[in-house]
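Given next are the chains, with one letter for each unit.
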Amino acid sequence: MSAKYGLVSYNSSRKHLSISIPSSTEVMSPHIKSVEELRVLGINLSSFSTPTQFLICVAGVFLFYLIYGYLQELIFSVEGFKPFGWYLTLVQFGFYSMFGLVELQLTQDKRRRIPGKTYMIIAFLTVGTMGLSNTSLGYLNYPTQVIFKCCKLIPVMIGGVFIQGKRYNLADVSAALCMSLGLIWFTLADSKVAPNFNVTGVLLISLALCADAAIGNVQEKAMKLHNGSNSEMVLYSYSIGFVYILTGLLCMGGLGPAVAFCSEHPVKTYGYAFLFSLTGYFGISFVLALIKLFGALVAVTVTTGRKAMTIVLSFMFFAKPFTFQYIWGGLLVVFGIFLNIYSKQKDKMKLPSIMDLKSWLLTGKKVRFLSQNV
């Protein structure tokens, strides 16, 4: 038998064993090749170094989700649209399913690798995250919603401990606390200017926060265990979620009024919803890549930092008063991002110790003393 395919060949005359390793292009199936390749919107991230992969994913998350956040606030600024948050989520899930189907057809390996039961759980959590979050905007103003959503870093870490048995160091915990406190501080000023708390809205966004805390860990575990692709994850989770929401709207009688309202304002509803869904789909692709490459905590850290930029754009395009509390909150968020990066790269990044700082201070004093005596 040929050793070309990684089999052992025995030569009786020379009395030796020879083993050759096949090249990845000769015998590896499309399924195995997908382990080495990670494509996002046609970009093969596997051909880049780890820092470059991280920068590409972060740039994609920030670019598409900044537009996504602007469109989300713009849609709910349409007069009379606030009661139809669940219908917006239904339309969004429908677009995501179509986008995922198109992307999956463009890939070589179209097999579903993650079990259907897992997708049913992920779809349920996704419906809870996006549906409850969209609906809460009918009861809360945008900054108040962000105050709650920015706190999901800590539940994600708790979910990582219970779902995946992870352990986080002090730097990760400090990063989560700094970013959460920073964004709360960042948005607290605006919530004081126009407080619009509602018990229903608080309940909705709290439930969305719980679902959001669990979904990242479930997705990470499923994608790493079964090596599922991003397009597969989007297609099946959102198509199943579409069925969930459609069933709920039909049972509650909320489909008819929503369709009637959107038919009267097709451009401001379906037009915005298409762009809203397209940018959200692109953003999700980069978030899933972050989860697969760097884990749920890093992905949530990046998306939390993105929320700070979303609020800045909200101030730019939707008139809001400015106070220095935004600056202090933003600095806390930046410090939290630094702590998270440091915790992941602490072997390459060495922060100065107390003794190093003391030595530098003494050296500086000696230099100043000598310069004065010259």
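The structure presented is a predicted model; accordingly, all values stated were derived computationally and were not measured.

Q: Explain the overall build of the protein to me, using residue names and the numbers behind them.
A: The secondary structure content of the protein amounts to 14 helices and four strands. Sequence-distant contacts, at least 24 apart, represent 83% of the contacts inside the protein between residues at least 6 apart. Of the roughly 19500 Å² that the protein leaves accessible, carbon and sulfur atoms contribute 69%.

Q: With reference to specific residues and values, describe helix α11 (residues 266-294).
A: The end-to-end C-alpha distance of α11 is 40 Å, a good match for the 42 Å that 29 residues give at a rise of 1.5 Å each. In the segment just after α11, Gly-295 is the residue with positive phi, at about 100°.

Q: I'd like a rundown of the nonpolar core, residues and numbers included.
A: Counting residues in each nonpolar core, the largest one holds 62 residues, and the members touching the most others are Phe-81, Tyr-87 and Tyr-96. If we ignore the near neighbours within four places in the chain, the residues touching Phe-81 are Ile-75, Phe-76, Leu-88, Phe-261, Cys-262 and Thr-269. Within the second largest apolar cluster, five residues are counted, among which are Leu-132, Leu-140, Ile-205 and Ala-208.

Q: Tell me about the packing of aromatic side chains, residues and numbers included.
A: Within the structure shown, the criterion is met by 19 aromatic pairs. The interplanar angle of 40° and the centroid separation of 5.3 Å between the aromatic rings of Phe-84 and Phe-261 together place this pair among those described as tilted. Placement of Phe-84 in the loop between α2 (50-76) and α3 (85-105) and of Phe-261 in helix α10 (residues 255-264) is noted, with a sequence separation of 177 residues between them. In terms of burial, Phe-84 and Phe-261 fall into one category: buried. Put simply, the rings of Phe-64, Phe-93, Phe-95, Tyr-96, Phe-99, Tyr-238, Phe-274, Tyr-281, Phe-282 and Phe-286 pair up and form one aromatic cluster.

Q: Which residues make up helix α4 (residues 116-136), and what values go with them?
A: With 21 residues, α4 extends 29 Å from end C-alpha to end C-alpha; this agrees with the ideal 30 Å at 1.5 Å per step. Most of α4 sits inside the fold, with 15 of its 21 residues counted as buried.

Q: Would you mind going over a nonpolar patch on the surface in detail, with residue names and values included?
A: Residues Ile-154, Ile-158, Phe-162, Val-173, Leu-177 and Leu-181 make up a contiguous nonpolar surface patch of about 570 Å² in total accessible area. Those elements that provide at least two residues to the nonpolar patch are α6 (153-164) and α7 (170-193). Take Leu-177: it is sitting in helix α7. The exposure class assigned to Leu-177 is partly exposed, which follows from its relative accessible area of 42%.

Q: Explain the packing of α3 against α11 to me, and be specific about the residues and the numbers.
A: As a packed pair, α3 and α11 sit with axes 9 Å apart at the nearest point and diverge in direction by 55°. Comparing their axes, α11 and α3 come out oblique. Every pair of crossing elements has a handedness; the one defined by α3 and α11 is right-handed. Residues Tyr-87, Leu-88, Val-91, Gln-92, Phe-95, Tyr-96, Phe-99, Gly-100 and Glu-103 of α3 pack against Tyr-270, Ala-273, Phe-274, Phe-276, Ser-277, Leu-278, Gly-280, Tyr-281, Ile-284 and Ser-285 of α11. Across the contact of α3 with α11, the residue classes tally to 13 nonpolar, five polar and one charged.

Q: Got a sec to walk through the environment of Phe-99? Specific residues and values, please.
A: Tracing the chain through its elements places Phe-99 in helix α3. Distance from Phe-99 to Tyr-281, taken between C-alpha atoms, is 7.5 Å for residues 182 residues apart in sequence. In this structure, Phe-99 is in contact with Phe-274, Ser-277, Leu-278 and Tyr-281, ignoring residues within four places of it in sequence.

Q: With reference to specific residues and values, describe the side chain of Asn-134.
A: Mapped onto the secondary structure, Asn-134 falls in helix α4. A relative accessible area of 2% means that Asn-134 is categorised as buried.

Q: So what about the side chain of Gln-92? Which residues, and what values?
A: Position of Gln-92 among the secondary structure elements: in helix α3. Not counting residues within four places of it along the chain, the set of residues in contact with Gln-92 comprises Tyr-68, Met-130, Asn-134, Phe-276 and Ser-277.

Q: Tell me what's going on with the confidence of the model for the protein, and back it up with residues and numbers.
A: Across the protein, the average pLDDT comes to 75, with 72% of residues at 70 or higher. Least confident of the elements in the protein is helix α1 (residues 30-36), whose mean pLDDT is 36; most confident is α10, at 92. Below pLDDT 50 for its whole length, residues 1-36 participates in 38 contacts with residues either more than four positions away or in separate chains. Below a pLDDT of 50 lies the segment residues 365-374, which in the model reaches zero contacts outside its immediate sequence neighbourhood of four places, other chains included.

The rules behind the values
- Residues numbered from 1 in each chain as written.
- Predicted model: local features only at pLDDT ≥ 70, side-chain atom pairs only at ≥ 80, totals over all residues.
- Heavy atoms only, no water.
- Helix = DSSP H or I, 4+ residues; strand = E, 2+ residues; numbered from the N terminus.
- Contact = heavy atoms within 4.5 Å.
- Areas by Shrake-Rupley, 256 points an atom, 1.4 Å probe, with all protein chains shown as cover.
- Expected span 1.5 Å × (residues − 1).
- Core = buried A, V, L, I, M, F, W, Y, C linked by side-chain atoms within 4.5 Å.
- Buried < 20%, exposed > 50% of the residue type's maximum accessible area, 1.4 Å probe, protein only.
- Phe/Tyr/Trp six-rings, centres within 6.5 Å; stacked < 30°, edge-to-face > 60°.
- Patch = residues over 30% accessible without salt bridge, like charges linked within 9 Å, V, L, I, M, F, W, Y side chains within 5 Å.
- Salt bridge = Lys/Arg side-chain N within 4 Å of Asp/Glu carboxyl O.
- Axes fitted to C-alpha atoms, helices over the stretch in contact; angles between N-to-C directions.
- Parallel < 35°, antiparallel > 145°, perpendicular 65-115°, else oblique.
- Left-handed = near helix turned anticlockwise from the far one by under 90°.
- Nonpolar A, V, L, I, M, F, W, Y, C, P; charged D, E, K, R; others polar.
- pLDDT = per-residue confidence, 0-100.

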